[in-house]
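Read off the chains here:
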Amino acid sequence: MSKTVLITGGSRGIGAATAIYFAGKGYNVAITYNKSADAVNSLKEAMALNNTPFLTVRCDVSDPAQVDLAVEQTVNTFGGLDVMVNNAGIALQKLITDTTNDDWQGILSTNLSGVFYGCRAATRVMVPKHKGSIVNISSIWGITGASMEVAYSATKSGIIGLTKALAKELGPSGIRVNCVAPGVIDTEMNKNLTPEDFAALKNETPLGRLGKAEEIARSVYFLANDAEFVTGQVLSADGGFI
Ligand code: NAP
């Protein structure tokens, strides 16, 4: 029987690339999206061409009830959940003094609470089966910190702490929890960077280029599917940036 993956924020960027990669490996694929319904329709067409069993669920990850429902719908549709990828996230580039309470609460609830809700809902399904794998998407800024991205960096550091703790909690149940910390990846998240910013970031990256969303998808797949004795780890997929 095919395995099933649920990817939050699968409408575009890293999440969509991960959905396509898992589909290519024969998984049943469920994604959540929030606002990008058009992008989801294109993805649906691509999945249909490959006959991939594909479920899309509109879900704001900052709402625990919606996340629970997305997991429930995935299990009801495909009969289980083997891999949960907590990928949905937003960026925020502001000085701390310009960061409002709403900015802070908004990024915290999407980037960190969203991952917590996703992990909790997946755990409830996976523990009775004594198997499963969770991959959370952090960032290199969660390891090093980034100037003018204090709130973003804090959420991404939080994901690393959450991942390590949950790996210890779920190891005895046979469930692995890891995270990927991407470097600078060519997605819409970075659309507001200037050509000068891109040049500087490439210059700081030993491999001399930005990463591609599919390259992060491969790292996610490795941790989720192949790395059977790996848990509680942070895989930096960053071209050598840190
Ligand atoms: P992206 O192209 O901006 O895509 C973000 C995804 O998250 C979209 O699918 C979006 O859905 C979803 N999303 C945002 N807010 C949401 C919410 N409240 N509820 C549900 N879904 C929500 O970004 P990306 O570059 O692929 O980033 C994916 C992940 O990688 C993020 O966690 C990001 O922090 C992390 N990351 C990215 C980079 C990079 O350089 N790109 C580097 C390190 C880490 P809708 O469009 O449907 O709203």
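Residues numbered from 1 in each chain as written. Predicted model: local features only at pLDDT ≥ 70, side-chain atom pairs only at ≥ 80, totals over all residues. Heavy atoms only, no water.

## Observations regarding the pairing of strand β6 (residues 175-182)
Point 1. Of all 8 residues in β6, 8 are buried, a share of seventy percent or more.
Point 2. The side-chain alternation of β6 yields two buried faces, one formed by I175, V177, C179 and A181 and the other by R176, N178, V180 and P182.
Point 3. When β6 meets strand β7 (residues 234-237), the two strands line up parallel, connected through 4 bridges. Looking across to β7, one finds that V180 is bridged to L235. (Buried < 20%, exposed > 50% of the residue type's maximum accessible area, 1.4 Å probe, protein only. Helix = DSSP H or I, 4+ residues; strand = E, 2+ residues; numbered from the N terminus. Pairing = 2+ DSSP bridges.)

## Looking at helix α3 (residues 64-78)
Point 1. An ideal rise of 1.5 Å per residue puts 21 Å on 15 residues; α3 measures up with 21 Å between its terminal C-alpha atoms.
Point 2. For α3, the complete set of buried residues consists of V67, A70, V71, T74 and F78. Buried residues of α3 fall within an arc of 95° about the axis and therefore sit on the same side. Facing away from the buried side of α3 by more than 90 degrees, the exposed set consists of A65 and N76. (Expected span 1.5 Å × (residues − 1). Arc of directions from axis to C-beta.)

## Topic: the packing of α3 against helix α4 (residues 101-129)
Point 1. The contact between α3 and α4 brings their axes to 9 Å, and the two run at 35°. The interaxial crossing formed by α3 with α4 has right-handed handedness. Between α3, through P64, V67, D68, V71 and V75, and α4, the contact on the second element is made entirely by Y117, G118, R120, A121, A122, R124 and V125.
Point 2. Partitioned by chemical class, the residues of the contact of α3 with α4 number 8 nonpolar, 1 polar and 3 charged. (Axes fitted to C-alpha atoms, helices over the stretch in contact; angles between N-to-C directions. Left-handed = near helix turned anticlockwise from the far one by under 90°. Contact = heavy atoms within 4.5 Å. Nonpolar A, V, L, I, M, F, W, Y, C, P; charged D, E, K, R; others polar.)

## Regarding the side chain of S139
Point 1. Looking at the secondary structure, you find S139 in the loop between β5 (132-137) and α5 (141-144).
Point 2. Judged by relative accessible area, which is 4%, S139 ranks as buried.
Point 3. There is a polar contact of 2.9 Å between the side chain of S139 and the backbone nitrogen of W141.
Point 4. Each residue touching S139, except ones within four places of it in the same chain, is listed here: Y152, K156, V180, A181 and P182. (Polar contact = N/O pair within 3.5 Å; in protein donor to acceptor, adjacent residues only side chain to side chain.)

## Some words on the pattern of salt bridges
Point 1. Scanning all chains against the criterion turns up 5 salt bridges.
Point 2. A salt bridge links K131 to D82; its shortest N-O distance comes to 3.5 Å. In this pair, K131 is assigned in the loop between α4 and β5 and D82 in the loop between α3 and β4 (83-86), connecting sequence segments 49 residues apart.
Point 3. The shortest N-O distance in the salt bridge between R218 and E214 comes to 2.8 Å. Taken together, the residues R218 and E214, both in helix α8 (residues 213-226) and 4 residues apart, mark about one turn of the helix. (Salt bridge = Lys/Arg side-chain N within 4 Å of Asp/Glu carboxyl O.)

Note that every value here comes from positions in space, so none of it alone points to a role or purpose.
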